[in-house]
2 protein chains.
Amino acid sequence: MTYEPLKLENQVCFRLYTAARLTMGAYHPYLDPLGITYPQYLVLLVLWEQDKQPVNDIAHKLLLETNTVTPLLQRMEKSGLVNRTKGKEDSRQRIVSLTKKGIEMREQAKHIPECLSADIIKNEGSVEEITQMIPTLDKLIEGLKQNNQQINN
Amino acid sequence: MTYEPLKLENQVCFRLYTAARLTMGAYHPYLDPLGITYPQYLVLLVLWEQDKQPVNDIAHKLLLETNTVTPLLQRMEKSGLVNRTKGKEDSRQRIVSLTKKGIEMREQAKHIPECLSADIIKNEGSVEEITQMIPTLDKLIEGLKQNNQQINN
DNA sequence: TCAATTTATATCGTTCACGATGCAAAAATA
DNA sequence: TATTTTTGCATCGTGAACGATATAAATTGA
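The paragraphs below set out a description of the structure included in this document. (Residues numbered from 1 in each chain as written. Chains lettered and ligands numbered in written order. Predicted model: local features only at pLDDT ≥ 70, side-chain atom pairs only at ≥ 80, totals over all residues. Heavy atoms only, no water.)

A short note on the protein's contact with DNA strand D
Now for step 1: Around DNA strand D, 25 residues are found, and the nearest of them are Gln 40 and Arg 75 of chain A together with Tyr 17, Arg 84 and Arg 92 of chain B.
Now for step 2: Restricting attention to atoms of DNA strand D within 4 Å of the protein, one finds that 74% of them are sugar or phosphate atoms.
Now for step 3: Contact between DNA strand D and Thr 70 of chain B: a phosphate oxygen at 2.6 Å from a side-chain N or O atom of the residue.
Now for step 4: One nitrogen or oxygen atom from the side chain of Arg 84 of chain B is found 2.4 Å from a phosphate oxygen belonging to DNA strand D.
Now for step 5: Contributions of two or more residues to the surface near DNA strand D are made by helix 2 (38-49) and helix 4 (66-78) of chain A together with helix 1 (12-31), helix 3 (55-62) and helix 4 (66-78) of chain B. (Near = heavy atom within 4 Å. Polar contact = N/O pair within 3.5 Å; in protein donor to acceptor, adjacent residues only side chain to side chain. Helix = DSSP H or I, 4+ residues; strand = E, 2+ residues; numbered from the N terminus.)

Remarks on the interface of chain A and chain B
Now for step 1: At the interface, 62 residues of chain A touch 62 residues of chain B.
Now for step 2: Counting the surface lost from both chain A and chain B, the interface buries some 6,100 Å², and carbon and sulfur atoms represent 69% of this.
Now for step 3: Between chain A and chain B we count four salt bridges in total.
Now for step 4: In this structure, Lys 139 of chain B and Glu 129 of chain A form a salt bridge, with 2.8 Å as the shortest nitrogen-oxygen distance.
Now for step 5: Put simply, the parts of the chain that give the side of chain A that touches chain B at least two residues each are helix 1 (12-31), helix 2, helix 3 (55-62), helix 5 (100-109), helix 6 (112-123), helix 7 (127-131) and helix 8 (134-151) of chain A.
Now for step 6: Counting residues per element, the side of chain A that touches chain B draws most heavily on helix 1 of chain A, at 17 residues. (Contact = heavy atoms within 4.5 Å. Buried area = accessible area lost by both parts, 1.4 Å probe. Salt bridge = Lys/Arg side-chain N within 4 Å of Asp/Glu carboxyl O.)

What about the protein's contact with DNA strand C?
Now for step 1: Lining the immediate environment of DNA strand C, one finds 25 residues, of which Tyr 17, Arg 84 and Arg 92 of chain A together with Thr 37 and Arg 75 of chain B sit closest.
Now for step 2: Sugar plus phosphate, as a fraction of atoms of DNA strand C within 4 Å of the protein: 74%.
Now for step 3: Gln 74 of chain A has a polar side-chain atom sitting 3.0 Å from a phosphate oxygen of DNA strand C.
Now for step 4: Side-chain polar atom of Thr 37 of chain B to a phosphate oxygen of DNA strand C: 2.6 Å apart, as the coordinates give it.
Now for step 5: For the surface near DNA strand C, the elements supplying multiple residues, two or more each, are helix 1, helix 3 and helix 4 of chain A together with helix 2 (38-49) and helix 4 of chain B.
Now for step 6: Across the surface near DNA strand C, the residue classes break down as six nonpolar, eleven polar and eight charged. (Nonpolar A, V, L, I, M, F, W, Y, C, P; charged D, E, K, R; others polar.)

Remarks on the sheet that holds strand 2 (residues 82-86) of chain A
Residue and element names in this part refer to chain A.
Now for step 1: One open sheet accounts for three strands, arranged 1-3-2; its pairing is antiparallel. In this open sheet, the two strands that pair with only one neighbour each are strand 1 (53-54) and strand 2.
Now for step 2: Bridge count between strand 1 and strand 3 (residues 94-98): two bridges; the pairing is antiparallel. Bridged to Gln 53 within strand 3 is Val 96.
Now for step 3: Sheet strands touched by helix 2: strand 1, strand 2 and strand 3. Its angle to strand 3, the strand with the most contacts, is close to 85°. (Pairing = 2+ DSSP bridges. Axes fitted to C-alpha atoms, helices over the stretch in contact; angles between N-to-C directions.)

Things to note about the pairing of strand 3 of chain A
Residue and element names in this part refer to chain A.
Now for step 1: Counted residue by residue, strand 3 has four buried out of five residues, so it is predominantly covered.
Now for step 2: Here strand 2 runs beside strand 3; their pairing, made up of five bridges, is antiparallel. Residue Val 82 lies in a different strand from strand 3, and its bridge partner there is Leu 98. (Buried < 20%, exposed > 50% of the residue type's maximum accessible area, 1.4 Å probe, protein only.)

Observations concerning unusual backbone geometry
Now for step 1: You will see that Lys 52 of chain A, though not glycine, has its phi angle at about 60°, which is positive.
Now for step 2: Summarising the element assignment, Lys 52 of chain A is placed in the loop between helix 2 and strand 1.

Notes on helix 1 of chain B
Now for step 1: Helix length check: helix 1 of chain B, at 20 residues, gives a terminal C-alpha distance of 28 Å against a target of 28 Å (1.5 Å per residue), a fit within 8%.
Now for step 2: With respect to burial, helix 1 of chain B is a largely interior element, 15 of its 20 residues being buried. (Expected span 1.5 Å × (residues − 1).)

What about the environment of Leu 116 of chain B?
Now for step 1: With respect to the helices and strands, Leu 116 of chain B occurs in helix 6 (residues 112-123).
Now for step 2: With eleven residues separating them in the primary sequence, Leu 116 of chain B and Val 127 of chain B have C-alpha atoms 9.9 Å apart.

As for the packing of aromatic side chains
Now for step 1: Applying the stated criterion across every chain, the model contains ten aromatic pairs over all chains.
Now for step 2: Seen in terms of ring centroids, Tyr 17 of chain A and Tyr 38 of chain B are 5.8 Å apart; in terms of plane orientation they differ by 80°. Their pairing is edge-to-face. Here the residue Tyr 17 of chain A occupies a position in helix 1, and Tyr 38 of chain B occupies one in helix 2, the pair thus bridging two chains.
Now for step 3: A centroid spacing of 5.5 Å and a plane angle of 45° characterise the contact between Tyr 27 of chain A and Tyr 41 of chain A, whose relative ring orientation is tilted. Placement of the pair is Tyr 27 of chain A in helix 1 and Tyr 41 of chain A in helix 2, with a sequence separation of 14 residues. Like Tyr 27 of chain A, the residue Tyr 41 of chain A is buried in the burial classification.
Now for step 4: Three or more aromatic residues link up through ring pairs in this structure, and these residues are Phe 14 and Tyr 17 of chain A together with Tyr 27, Tyr 38 and Tyr 41 of chain B.
Now for step 5: For Arg 21 of chain A, the ring lying beneath its charged end belongs to Tyr 17 of chain A, and the centroid distance is 4.9 Å. (Phe/Tyr/Trp six-rings, centres within 6.5 Å; stacked < 30°, edge-to-face > 60°. Lys NZ or Arg CZ within 6 Å of the ring centre and 35° of its normal.)

Considerations on the state of the cysteines
Now for step 1: If you walk through the whole model with that rule in mind, you get zero disulfides over all chains.
Now for step 2: Cys 115 of chain B supplies the cysteine sulfur nearest to Cys 13 of chain A, a cysteine that is in no disulfide, at a spacing of 14 Å.
Now for step 3: Judged by relative accessible area, Cys 13 of chain A falls into the buried class, the value being 3%.
Now for step 4: Under the relative-accessibility criterion, Cys 115 of chain B is labelled partly exposed at 27%. (Disulfide = S-S within 2.5 Å.)

Keep in mind that these numbers describe shape and distance, not what the molecule does.
Here it is as structure tokens:
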């Protein structure tokens with residue numbers, strides 16, 4: 001009985017990749033009525049915590065590149081959720097602020113986390129077990145951040 | 001001290017989404033020289049376990065839709081990794097088989113899993129802790145599969 | 001002060017990911 | 001057998017993700 005690393009079933013990354021995709025799928029019933037996608041929901045979470053942030057801060061908090069976030073914000077501006085104004089001190093910056101619609105969406109989104117927990121309980125049973133993964137995921141993310149930085153230097 | 005579900009830092013899904021993206025990034029140094037992407041690597045893993053499978057089987061094993069896998073396989077055919085031939089019993093099927101190049105790539109990819117483990121150890125320390133998440137991830141994936149099926153009915 | 005460098009954002013091209021739709025072959029059923 | 005339904009795959013459109021590159025503004029430093 002030998003351990004075979006090239007087997008799909010032995011790969012942690014495949015599970016992360018799949019779990020992430022399926023979890024995003026589970027958000028669909030709640031985000032579709034609001035007319036937003038999961039990455040757009042993440043941007044809103046960031047702005048609901050603190051309004052009026054430059055693109056870079058948002059990208060940094062989501063661990064995304066600005067060339068991912070810029071088009072995302074452009075789409076959100078087009079759909080009336082945010083405004084993008086030139087920075088006053090630093091005119092290279094684009095300050096992203098919530099519109100009335102963006103602010104009000106928070107009320108509608110308020111119950112999404114508990115809805116998702118309920119869905120998970122319904123089909124699988126244990127939110128506790130899942131939340132126990134958080135410290136490990138955080139350590140993994142921190143390590144991967146450093147690793148990928150080393151690659152790009 | 002109230003728990004705030006709408007805070008980014010309290011969201012498990014965001015961590016899965018981030019961990020998955022960053023892990024895929026960590027594969028780059030090993031996959032780029034082979035000229036393949038991470039999803040293409042997953043397809044190869046499936047075909048290395050068993051050659052000559054219809055599109056549907058591959059999609060099912062990767063938990064992807066066929067409309068994701070079909071273009072993926074078309075690109076892999078164009079880059080000379082696989083062939084796609086009409087099924088003999090069921091002519092609706094497309095049987096995907098490895099080319100010589102696809103078979104030989106297994107040798108070059110052999111050490112990727114241990115390289116990735118080494119990278120994780122280097123920057124974070126504990127592969128054991130990460131592999132301990134596997135049962136939980138599997139339960140989560142299984143529950144989400146059922147949940148998302150219920151949605152689409 | 002002026003050139004060189006860095007920084008913040010944007011643009012472009014390629015590859016996923018997936019909902020919606022189309023189509024032909026197979027299976028089910030009348 | 002003829003018709004309906006299902007199945008397997010493909011195509012199209014949209015929205016991420018991200019590497020590479022561009023551009024203008026700010027910063028550094030000679």
